[in-house]
Each structure stands twice: as C-alpha cells, then as structure tokens.
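Structural description and commentary
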Amino acid sequence: MNKPTVHQLILDKLKIDLDIAERAAQTAYETATHEENIAENKYDTLGLEASYLAAGQARRVEEIRQSLSLCQNLTLRPYDERRGIEVGTLIGLEDDEGRQQWLFLGPDAAGLKVSLVGQPITVITPRSPLGRSLLGKFEGDEVEIVVAGARQQFAVTEAI
C-alpha cells in the first residue's frame, strides 16, 4: 500500500464528487428559479419543492468543499511507532473471522471509498467509534467497538 497514492485517490474522488454536486446544485437552482415554476395557486408546490432541493444541493456542495479542503491541507507523515495511529494513517485491520480491510483515517470525508490495485480502502474519521478507538494504537494492538449492541473486535495488522 502506498499512502501518498491513496491520499491522491481520495482527493481525486472528492474533486469528481464536487464537480457532480456543483452541476446538480446549478440544475436545481435553475429549476427553482425558472419562470414556469412560479406557483399559480397554493397547491402548486413545484417551485417550492425545487427550492428545497436547491438548498440541499448547495449544502452538499459546501460539505464536499470542506472535506476536500481539509484533505488537501493534510500533511502526510510516515507512521511513527512512538506516536501510533493518527489522522493520515493508512491502516490494515483484521476482524475475528480473519477478514481484512484497509482504512484511511482522514480529517473528513467519512465513508468515501477508493480502490488501489483492486483493494478497497474506506475513509473513516476520529469522530467515528472505530476511528476514535484506533487513535494512538499500534501495529499488533486490538480494538473493540460496540455497534448496535454487537461487539466487534479488530487487530491492527499494518499501519502506514
């Protein structure tokens, strides 16, 4: 696994998502402000519904912009065996049943998925239960979280 490549894949994906969201927001805005969508009576809500959609799309654009900015400003450092896992660490985990997964502990963009040589990598943040549990851990450590009443245990197999 190459952490700078993973980081660049995350940035590229966020840029694509931002472009798509900006186009969707523009389309929603144009629909909301189009003269044909002016209400003719109190039951004619197409324009109102379009304005709600436009507002939601605009919020989504800002969320992606914030995620992109935070990820662009992230300084990647090599994994430090004295400090343990921190924001910017690429982490290999294995669960109780031997299933492996790769996570990137990012400053934002939780849930974003990228793939490197066929290996899926999911972005998590310190705000998630797993992200919070991983902070300060080291290779070989185990972490345990409870999700919806179910206890899940993971071993840190790699930290980059």
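A quick note: this is a predicted structure, and the numbers were derived from the prediction, not measured. (Residues numbered from 1 in each chain as written. Predicted model: local features only at pLDDT ≥ 70, side-chain atom pairs only at ≥ 80, totals over all residues. Heavy atoms only, no water.)

With that out of the way, let us pick up the overall build of the chain. Each helix and strand counted, the chain has three helices and six strands in total. Each helix and strand of the chain, placed in order from N terminus to C terminus, yields the pattern α-α-β-β-β-β-α-β-β. A compact globule built from 160 residues would reach a C-alpha radius of gyration of about 15 Å, whereas the chain, at 20 Å, exceeds it by more than 25%. Principal axes of the C-alpha set define a box for the chain whose edges measure 65 × 35 × 25 Å. The proportion of buried residues among the 160 residues of the chain is 36%. (Helix = DSSP H or I, 4+ residues; strand = E, 2+ residues; numbered from the N terminus. Rg over C-alpha atoms; globule rule 2.2 N^0.38 Å. Buried < 20%, exposed > 50% of the residue type's maximum accessible area, 1.4 Å probe, protein only.)

Let us now look at the pattern of salt bridges. Under the definition given, this model contains 12 salt bridges. The partner of Arg65 in a salt bridge is Glu22, and the shortest N-O contact between them spans 2.7 Å. A residue pair is termed long-range when its members are at least 10 positions apart, and Arg65 in helix H2 (residues 46–72) and Glu22 in helix H1 (residues 3–33) qualify at 43 residues. Of the charged contacts, one joins Asp108 and Arg127 as a salt bridge, the two residues approaching to 3.1 Å between their closest N and O atoms. With Asp108 in the loop between strand S2 (100–105) and strand S3 (113–116) and Arg127 in the loop between strand S4 (119–124) and helix H3 (129–134), this pair connects stretches of sequence that are 19 residues apart. A relative accessible area of 55% means that Arg127 is categorised as exposed. Taken together, the shared-partner salt bridges in this structure form one network comprising Glu22, Glu62 and Arg65. (Salt bridge = Lys/Arg side-chain N within 4 Å of Asp/Glu carboxyl O.)

Another point: the pairing of strand S5 (residues 142–147). Where S5 lies against strand S6 (residues 150–159), six bridges are found, and the strand directions are antiparallel. Looking across to S6, one finds that Glu144 is bridged to Gln153. As consecutive antiparallel partners, S5 and S6 are separated by two residues, and within that stretch Ala148 has a phi angle of approximately 50°, a positive value. (Pairing = 2+ DSSP bridges.)

To continue, consider the sheet that holds S6. What the six strands build is an open sheet, ordered S3-S4-S2-S1-S6-S5; its pairing is mixed. Edge positions in the sheet fall to S3 and S5, since each of these pairs with one other strand and no more. Geometrically, the sheet is characterised by an average inter-axis angle of 40° between neighbouring strands, direction not taken into account. Relative to S2, strand S1 (residues 90–95) runs antiparallel, the two sharing five bridges. The residue bridging Glu94 from the neighbouring strand is Gln100, located in S2. Sheet strands in contact with H1 are S1, S2, S3 and S4, and its direction is about 135° off that of S3. (Axes fitted to C-alpha atoms, helices over the stretch in contact; angles between N-to-C directions. Contact = heavy atoms within 4.5 Å.)

In this section: the side chain of Thr125. By secondary structure assignment, the location of Thr125 is in the loop between S4 and H3. For Thr125, a relative accessible area of 3% translates into the label buried. Those residues in contact with Thr125 that lie beyond four places of it in its chain are Leu105, Gly106, Pro107, Asp108, Ala110, Gly131 and Arg132.

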